Amino acid sequence: HNITIIVAQIFALGVTISYIYPIMWDRGFKDLNLVKTDNMAEDKLRGLKLGMIGQTPAFLLFLIFMIFQKLPTALFKLLDSSFYTLFEFVFGKSEIFGKLSPLQIIVTLLILLIIPLISWGSYTLGYKDIDPMEKLTYKKKKGAN
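Just so we're clear, the structure is a prediction, and the values are computed from it rather than from any experiment. (Residues numbered from 1 in each chain as written. Predicted model: local features only at pLDDT ≥ 70, side-chain atom pairs only at ≥ 80, totals over all residues. Heavy atoms only, no water.)

(A) Summary view of the nonpolar core. One finds F62, F76, F87, F91 and F97 to be the most contacted residues of the largest nonpolar core, which totals 22 residues. Within the residue set of this core, elements represented by two or more residues are α1 (2–36), α3 (56–67), α5 (84–91), α6 (102–112) and α7 (114–127). Leaving out residues up to four positions away in the same chain, F87 has contacts with F76, K77, D80, G92, T108, I111 and L112. (Core = buried A, V, L, I, M, F, W, Y, C linked by side-chain atoms within 4.5 Å. Buried < 20%, exposed > 50% of the residue type's maximum accessible area, 1.4 Å probe, protein only. Helix = DSSP H or I, 4+ residues; strand = E, 2+ residues; numbered from the N terminus. Contact = heavy atoms within 4.5 Å.)

(B) Layout of the packing of α1 against α7. Two elements in contact, α1 and α7, have axes separated by 6 Å at closest approach and are oriented at 40 degrees. The orientation of α1 with respect to α7, classified from their angle, is oblique. Note that α1 runs across α7; the crossing there is right-handed. (Axes fitted to C-alpha atoms, helices over the stretch in contact; angles between N-to-C directions. Parallel < 35°, antiparallel > 145°, perpendicular 65-115°, else oblique. Left-handed = near helix turned anticlockwise from the far one by under 90°.)

(C) Highlighting the packing of aromatic side chains. In total, this model carries 10 aromatic pairs according to the counting rule given. Measuring from ring centre to ring centre gives 6.0 Å for F62 and F97, while their planes differ by 70 degrees; the resulting arrangement is edge-to-face. Taken together, the positions of F62 in helix α3 and F97 in the loop between α5 and α6 put the pair 35 residues apart, joining distant regions of the chain. Judged by its relative accessible area of 8%, F62 is buried. (Phe/Tyr/Trp six-rings, centres within 6.5 Å; stacked < 30°, edge-to-face > 60°.)

(D) The arrangement of the environment of I23 in detail. Tracing the backbone through its elements, the reader meets I23 in helix α1. Residue I23 is classed as partly exposed on the basis of its relative accessible area, which comes to 47%. The spacing of I23 and F76 is 53 residues in sequence and 27 Å in space, taken between C-alpha atoms.

(E) View of the environment of T73. With respect to the helices and strands, the residue T73 is situated in helix α4 (residues 73–79). Accessibility expressed as a relative area gives 3% for T73, which makes it buried. When the C-alpha atoms of T73 and F91 are compared, they prove to be 7.2 Å apart, with 18 residues separating the residues in sequence. Residue contacts for T73: discarding those within four places in its chain leaves F91, S94, E95, I96, F97 and L100.

Fair warning: the whole summary comes from geometry, so function is off the table for now.
Next comes the structure, spelled out in structure tokens:
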């Protein structure tokens, strides 16, 4: 059962990264060119800021659940299902939000920061024109400089 949960979360995280990475990498690369041509001011935190904006609905959902503590944790897991299995692990046997410990609440907030961090990392790689996927896709031929 635990192995299934871990595999499911790894798969869900892979899907999440595969959706965010190319969009944010491309945005970072385009912004690099805009900065080089003086058409935009440099903002190395832009990827993080965009990720935080993208997570606004999840943070609002969290706030609603913190205010209305009788709401079921199962509903929260369903509404923010990209990290369902992580929330399943963190919430444990707590059936309503009001029964979560301070540590569970902090860990839940940390989970909500995963998407902004993926966004920031992807944007930064694009801004630095580093494409790890290119290294996996293209092999250098022997004898080539």
